[in-house]
Amino acid sequence: MFNKETYIRRRAELKKLVGNGVVVLFGNNESPANYPANSYAPMRQDSSFLYYFGQHRDGLVGVIDIDKDEEWLFGDDIDVEDIVWMGYTPSVADLAAEVGVTKTAPMKDLAKMVKGGNIHFLPPYRHDTKIQIMDLLGIHPSKQKEAASLPLIKAVVKMRSTKEPQEIVAIERACDVGYAMHTTAQLLIRPGVTERFIGGQVDGVARSLAQGVSFATIFSQHGEIMHGNPSDAKLEAGRLALCDAGCELDDYCSDNTRTMPVSGKFTQRQLEIYSIVEACHDYVLEVAKPGVKYADVHFAVCRLMTERLKELGLMKGDTDEAVAAGAHAMFLPHGLGHMMGMDVHDMEGLGQIYVGFDEETRPNLEQFGTNCLRMGRKLEEGFVVTDEPGIYFIPALIDDWKASGHCKDFLNFDLLETYKDFGGIRIEDDLLITSDGCRFMGKQRIPYHPKELEEFMAENED
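Note that the structure is a prediction, hence the values are computed from the model and not measured. Counting from 1, residues in each chain are numbered in the order their sequence is written. For this predicted model, a pLDDT threshold of at least 70 governs which residues receive local features, and a threshold of 80 or more governs which side-chain atom pairs are given and counted, while totals over whole chains, interfaces and linings are taken from all residues. To obtain the side-chain values, all non-hydrogen atoms of the structure were used and water was disregarded.

### Digging into helix α6 (residues 127-137)
Alright, step 1. Remark: exposure states derive from per-residue accessible area (1.4 Å probe, protein chains only) relative to the maximum for the residue type, with buried under 20%, exposed over 50%, and partly exposed in between. Secondary structure follows DSSP: runs of H or I at least 4 residues long count as helices, runs of E at least 2 residues long count as strands, and numbering of each begins at the N terminus. Within α6, burial applies to T129, Q132 and I133. Mapping the buried residues of α6 onto a view down its axis gives an arc of 100°, with all of them on the same face. In α6, those exposed residues whose orientation departs by more than 90 degrees from the buried face are H127 and D135.
Alright, step 2. Against the buried residues of α6 lie β1 (22-26), β4 (60-65), α5 (110-113) and α7 (144-147). Here the arc refers to the directions that run from the helix axis out to each C-beta atom. Whether two residues are in contact is decided by their heavy atoms, any of which lying within 4.5 Å being enough.

Structure follows, in structure tokens:
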């Protein structure tokens, strides 16, 4: 939690941006894992509620009546039976005072506050919140996304997109834990160790040094699978292992990816592909800056990737035509990156069209690969985005495009056949847009340059 003045200032700015009506920000409740008393822990508070009201306790709702210039925190004080099990919890009034809110009321009184008038709420993503909205406002859950307030969505996106100095410090600290997570994995990788064991060790670092992981850890020898969860498979000599992991610390996230040779050294074929991803990753530092569309950065990376893949004979033809046709998506079927902050995909629940795009830059939902571009809008100082190019050899995609002849003028399908057992490579870091350019976040860079990585991994040898 930041100081009281932070939340007072943020709510005042939100009032100006929304203009009128009553803003209702729903906090989260405990979420049962498999029966009511066994909840997922620790509870994850709603990020926008945290941004404006700062409190982590379950069962709270923040209300801002713009027209009356009143701010309320609704919630029920816990009773002595709860205290026996959970320990002392401050009263709702005490929680409100900590963030500069003077008016509080029990949850049963919330209905009076939101009866009629111009009510603003954000798109809900939890079913209990959807039921609460239906009870309060009479809007069926299937209609709530479209009924959510566009002025509120745009105001929240505008404010949360540009990170305050104290937020940048928080993200840097999360990145420092991310360094510990990934270097732990790098020192454990060797043939015979299971994916699950290393994934568990990575998670353990996050739980030991932070609130936990910012998303389910991806650790797999099948790097071509974008979200490959750790399995019981043992690491095999000669293969690649991809680790995509981050932590959440003091409500802010990190998100990094590294790809390592299980044997400790890259083969020549692996190094050829890896060096392309490395070059694309580092190229972003040269081109990303305020005023530049991240979509343009994405396609600049795609052209560089295409040029380098042509040198290996995997692609062919005119580079610009290949990228325009989407041929590069055979290898890179996702966007270059996404916003990051309190959520690892920051504010994605508010609608990617508002978070990653603007009136000038619109998504292309028709072309494979480009339709997965999460971030395309003009960059501004204070934005935090991920830089995560990758090259993947997905057997099913190779077969599908070969059978249909899709982009056959730009792809060497005969050579692609020989890469079906390759897997995938991704390198990802968190990027802060500065006044005149950008920089990677975190005090230390997780090893990724090939020689540096191989030397670091050699430290695990007995």
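Next comes the rest of the account.
### Some thoughts on a nonpolar patch on the surface
Alright, step 1. Taken together, the side chains of V80, I83, V84, W85, M86 and Y88 define a hydrophobic patch exposed on the protein surface, amounting to about 810 Å² of accessible area.
Alright, step 2. Its location among the elements puts V80 in helix α3 (residues 80-86). What goes into a patch is any residue over 30% in relative accessible area without a salt bridge, connected to like charges within 9 Å or, for nonpolar side chains (Val, Leu, Ile, Met, Phe, Trp, Tyr), within 5 Å. Computed with the Shrake-Rupley method and a 1.4 Å probe, the accessible areas treat only the protein chains shown as cover for residues. For this document, the term salt bridge refers to a Lys or Arg side-chain nitrogen within 4 Å of an Asp or Glu carboxyl oxygen.

### Concerning the sheet that holds strand β7 (residues 119-120)
Alright, step 1. At least two bridges found by DSSP between two strands are what make those strands a pair. As summarised here, the arrangement of the five strands in space is β6-β5-β4-β1-β7, forming an open sheet in which the pairing is mixed. Every other strand in the sheet has two partners, leaving β6 (103-105) and β7 as the edge strands with one partner each.
Alright, step 2. Where β1 lies against β7, two bridges are found, and the strand directions are parallel. Within β7, the position partnered with V23 by the bridge is H120.
Alright, step 3. Fitted lines through C-alpha atoms serve as axes, helices being fitted only where they are in contact, and the angles separating the N-to-C directions of these axes extend from 0 to 180 degrees. Along the sheet face, α6 touches β1, β4 and β7 and points at about 150° away from the line of β1.

### Details of a negative patch on the surface
Alright, step 1. A cluster of acidic side chains, namely D76, D77, D94 and E98, defines a negative patch on the protein surface.
Alright, step 2. Secondary-structure assignment places D94 in helix α4 (residues 92-98).
Alright, step 3. With a relative accessible area of 39%, D94 lands in the partly exposed category. Positive charges come from Lys and Arg alone, negative charges from Asp and Glu alone, with His and the N- and C-terminal ends not counted. To locate a charge, take NZ of a lysine, CZ of an arginine, CG of an aspartate or CD of a glutamate.

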